[in-house]
Amino acid sequence: MAATGAAPRVRRAVAGREQAAALGTEPVGRLLRHACTQTTMSVGVYGIYALSNAWFVARGVGPVALAAVNLLAPVLLIVGALAAAVGVGGASLVSRSLGVGDADRAARAAGNAFVVFWACAAVIGVGGLLLLDPLLSLLGATAATRGYAHDYGQILLAGAVTATGFSSLVRAEGRMRFSTLLWVVPVLTQISLDPLLIFGLGLGVRGAALGTVGGQAVSAGMSVWFFFKQRERPYRITPAELRPHGPTLRQLAGIGAPSLLAGFGTTLLAGLANVLLITLGGPLTLAAFALCTRIGTFAAMPQTGIAQGLQPVVGYNAGRGLTHRVERATGITLRATVLYGAAVCAALLVLASPLVSLFTGDPTLHAQAVDALRLLAFVYPCAGVAPLVSARFQALGQPRPSYLISVATIVAVRIPLLLTLSRFGTRGVLISFPVAELAAALLALLVLWRRRAPAAARAALSCQVPHLEACDREESAGPR
């Protein structure tokens, strides 16, 4: 009986290892289509939640409540930046470790990633609750918005430790379907809870916050089961892997720091934009911007999915030394993200008015939101470039170029442009976003070109007589 029961487990474990190995053997084009489709479905479902949440708050509570909820966006961005930083760092270590066949190192990286996130999220949650009132003042809360923002913020901060299911670590071992489930199931939970709590129980913005935390808790629970309980995988986290390991923590910090700093920069940018808009235009102007950002979040999700789908492919193949597959994957995804962004820009220019009409019947709010959405549409052709290039370098375990792309664009481009153009009013604030996105994309491509040129020269030198046949085969294969 024991042998009979063990056989299926062995087969499933072998299948799990084969899923990871496929990252280095499948044709790159086919591999990316599968990976990016799964990641886009995952984050796209979250985009649907962002839209539905905005609809429920705007229709069920009102535009001022929607503006108040948007004031808390920087807090969500901070927690999201922490999750992204730890997840990206852990995923890079996991995929490269699996690429060289070191399952123990992969398990230690994943376990330490969990510990770092839980500890930091607890500090943010407790600290935010203790300092919530001064925090709201800093974020630009007014007499009209403070009550709503306070109620919403209390619940979100209390649930901060549930804010990620570490789908990036799941993708790092090639488990794209479960990674998708880590998004789909929690978001369906959130979408189900929102109308029940907001309309059915009359909880208003508290209901919106409880729905968000409830979905997060489902994701966190699924993640714990996957990493700590499921045996049919290349590795499993045990209590030993939760013990902090100095070298692993340093690598997590080094690789993930660009995402964290970029997240803090984005938080600062979002907070600054909120303060400027509510000062220059009032709560309705901020509510219009909130609607546009929710629509934009949904529209940009495939670009996020493309960047996320690229990472495990790059990390695993870099671990195997298959640099030609890394470069091929980078080129394919860059073209895809730019073409998709151009299509989104055209669609938003045409459909801005009917899209906004779905969320509000207020004529003043409608007019402001349509105008803002048409200006912000020009963000998207370039919006996916800098995050994708940064994600590539992080997957390679090369954080320095990511620092330059993520941090320099915030400090030297985005914030200065926002402050400068805000002198021309709310339209200046909005115009600063597409201008900054174009500059960030150009900087990212410059960094990529400068880093790839030496690598290409080394590859050319390596293609000498003993290796000529292999190089010829590689080039004749062409893009896949």
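Residues numbered from 1 in each chain as written. Predicted model: local features only at pLDDT ≥ 70, side-chain atom pairs only at ≥ 80, totals over all residues. Heavy atoms only, no water.

Novice: So what about the overall build of the protein chain? Which residues, and what values?
Specialist: Counting its regular elements, the protein chain contains 20 helices and 0 strands. Across the 480 residues in the protein chain, those meeting the buried criterion constitute 53%. Here the analysis covers contacts within the protein chain between residues at least 6 apart in sequence; of these, 83% occur between residues at least 24 apart. By element, 67% of the accessible surface of the protein chain is carried by carbon and sulfur atoms, the whole surface being about 20,100 Å². (Helix = DSSP H or I, 4+ residues; strand = E, 2+ residues; numbered from the N terminus. Buried < 20%, exposed > 50% of the residue type's maximum accessible area, 1.4 Å probe, protein only. Contact = heavy atoms within 4.5 Å. Areas by Shrake-Rupley, 256 points an atom, 1.4 Å probe, with all protein chains shown as cover.)

Novice: An account of a nonpolar patch on the surface is requested, with residue identities and associated values reported.
Specialist: On the surface, Leu349, Val350, Leu351 and Phe378 cluster together into a nonpolar patch covering about 370 Å² of accessible area. On the secondary structure map, leucine 349 appears in helix H14 (residues 323-357). (Patch = residues over 30% accessible without salt bridge, like charges linked within 9 Å, V, L, I, M, F, W, Y side chains within 5 Å. Salt bridge = Lys/Arg side-chain N within 4 Å of Asp/Glu carboxyl O.)

Novice: Please provide a residue-by-residue account of the side chain of serine 97, values included.
Specialist: Examined against the element boundaries, serine 97 turns out to sit in helix H4 (residues 73-99). Given a relative accessible area of 0%, serine 97 falls into the buried group. Apart from the residues lying within four places of it in its own chain, the contact partners of serine 97 are Asp102, Arg105 and Ala106.

Novice: Got a sec to walk through the packing of helix H7 (residues 146-158) against helix H10 (residues 205-229)? Specific residues and values, please.
Specialist: To characterise two packed helices, one gives the angle between the axes of the helices and the distance between these axes. Packing of H7 against H10 brings their axes to within 8 Å, and their N-to-C directions diverge by 20 degrees. Considering the angle they form, H7 stands roughly parallel to H10. For H7 against H10, the interelement crossing comes out right-handed. Here Tyr148, Asp151, Tyr152, Ile155 and Leu156 of H7 lie close against H10, whose contacting residues are Val205, Arg206, Ala208, Ala209, Leu210, Thr212 and Val213. (Axes fitted to C-alpha atoms, helices over the stretch in contact; angles between N-to-C directions. Parallel < 35°, antiparallel > 145°, perpendicular 65-115°, else oblique. Left-handed = near helix turned anticlockwise from the far one by under 90°.)

Novice: Run through the environment of threonine 162, naming residues and quoting values.
Specialist: If you trace the backbone, threonine 162 turns up in the loop between H7 and helix H8 (167-171). Sequence spacing of threonine 162 and glycine 221 is 59 residues, and the spatial spacing of their C-alpha atoms is 8.6 Å. When near neighbours in sequence (up to four residues on either side) are disregarded, threonine 162 contacts Val213, Gln216, Ala217 and Ala220.

Novice: Describe in detail H14, supporting the description with residues and values.
Specialist: In this model H14 runs 48 Å from its N-terminal to its C-terminal C-alpha over 35 residues, within 8% of the 51 Å that 1.5 Å per residue would give. Along H14, the largest kink reaches about 70 degrees and is centred on leucine 351; proline proline 354 follows within four residues of it. (Expected span 1.5 Å × (residues − 1). Bend = angle between axes of the 7 residues up to and from the residue.)

Novice: For the packing of aromatic side chains, give the residues involved together with the corresponding values.
Specialist: One pass over the structure, following the stated rule, counts 10 aromatic pairs. The interplanar angle of 40 degrees and the centroid separation of 5.9 Å between the aromatic rings of phenylalanine 178 and tryptophan 225 together place this pair among those described as tilted. Highlighted residues: phenylalanine 178 in helix H9 (residues 176-200) and tryptophan 225 in helix H10, separated in sequence by 47 residues. Its relative accessible area of 12% is what places phenylalanine 178 among the buried residues. By the ring-pair criterion, three or more aromatic residues cluster together here, those being Phe114, Trp118, Phe178, Trp225, Phe226, Phe227 and Phe228. Across the ring face of phenylalanine 393, the terminal group of arginine 392 is positioned such that the distance to the ring centre comes to 5.3 Å. (Phe/Tyr/Trp six-rings, centres within 6.5 Å; stacked < 30°, edge-to-face > 60°. Lys NZ or Arg CZ within 6 Å of the ring centre and 35° of its normal.)

Novice: Can you break down the nonpolar core residue by residue, with the values?
Specialist: The biggest cluster of nonpolar side chains holds 65 residues, and the ones touching the most others in it are Tyr152 and Phe433. Element by element, the count of residues in this core is highest for helix H13 (residues 283-320), at 10 residues. Ignoring sequence-local partners within four residues, the contact set of phenylalanine 433 consists of Leu269, Ala273, Phe289, Leu376 and Val379. Among the nonpolar cores identified, the runner-up in size contains 31 residues, and Ala91, Phe166, Leu182 and Phe228 belong to it. (Core = buried A, V, L, I, M, F, W, Y, C linked by side-chain atoms within 4.5 Å.)

Novice: A description of helix H5 (residues 103-130) should follow, citing residues and the corresponding values.
Specialist: Along an α-helix, residues three or four apart share an orientation, since each turn contains 3.6 residues. Taking 1.5 Å of rise per residue, 28 residues should cover 40 Å, and H5 covers 41 Å from first to last C-alpha, within 8% of that figure. Those residues of H5 that fall on the buried side of the exposure criterion are Ala106, Ala107, Ala109, Ala110, Gly111, Asn112, Ala113, Phe114, Phe117, Ala121, Gly125 and Gly128.

Novice: Can you explain the confidence of the model for the protein chain? Please cite residues and give values.
Specialist: Averaged over the protein chain, the pLDDT score is 80; the fraction of residues at 70 or greater is 88%. Note that residues 1-17 has pLDDT below 50 and, in this model, 6 contacts with residues that lie over four places away or in other chains. The low-confidence segment residues 456-480 (pLDDT under 50) makes 13 contacts with residues lying over four places distant or belonging to another chain. (pLDDT = per-residue confidence, 0-100.)

Novice: Could you give me a rundown of the pattern of salt bridges, with the residues and numbers involved?
Specialist: According to the stated counting rule, one finds 4 salt bridges in the structure shown. Between arginine 392 and glutamate 327 there is a salt bridge whose closest N-O contact spans 2.4 Å. Of this pair, arginine 392 sits in helix H17 (residues 385-395) while glutamate 327 sits in helix H14, placing them 65 residues apart in sequence. Overall, the relative accessible area of 3% leaves arginine 392 in the buried class. A relative accessible area of 24% places glutamate 327 in the partly exposed class. Here glutamate 437 ties to arginine 414 by a salt bridge, and the two come within 3.2 Å at their closest N and O atoms. Note that glutamate 437 is positioned in helix H19 (residues 426-462) and arginine 414 in helix H18 (residues 399-421), a separation of 23 residues in sequence. Here the two residues glutamate 437 and arginine 414 agree in accessibility, since each one is buried.

Novice: I'd like a description of the packing of H13 against helix H15 (residues 363-376), backed by residues and values.
Specialist: One can describe the packing of H13 onto H15 by two numbers: an axis separation of 8 Å at closest approach and a directional angle of 50 degrees. If you check the angle between H13 and H15, you find them oblique. Classified by chirality, the crossing of H15 by H13 is right-handed. Together, Leu284, Thr285, Ala287, Ala288, Phe289, Leu291, Cys292 and Ile295 of H13 and Thr364, Leu365, Gln368, Ala369, Ala372, Leu373 and Leu376 of H15 make up the contact between the two elements.

Novice: How would you summarise the environment of phenylalanine 166 if you had to cite specific residues and measurements?
Specialist: By the secondary structure assignment, phenylalanine 166 is in the loop between H7 and H8. Taking C-alpha positions, phenylalanine 166 is 8.1 Å from alanine 220, a pair spaced 54 residues apart along the chain. Beyond its immediate sequence surroundings of up to four residues, phenylalanine 166 is in contact with Ala83, Val86, Gly87, Ala113, Phe114, Phe117, Leu182, Ser223 and Phe227.

Novice: An account of the environment of alanine 107 is requested, with residue identities and associated values reported.
Specialist: Relative to the helices and strands, alanine 107 is located in helix H5. Each C-alpha atom, one on alanine 107 and one on threonine 238, is 8.3 Å from the other, the two residues being 131 residues apart in sequence. For alanine 107, the residues in contact, after removing those within four places along its chain, are Tyr235, Arg236, Ile237 and Glu241.

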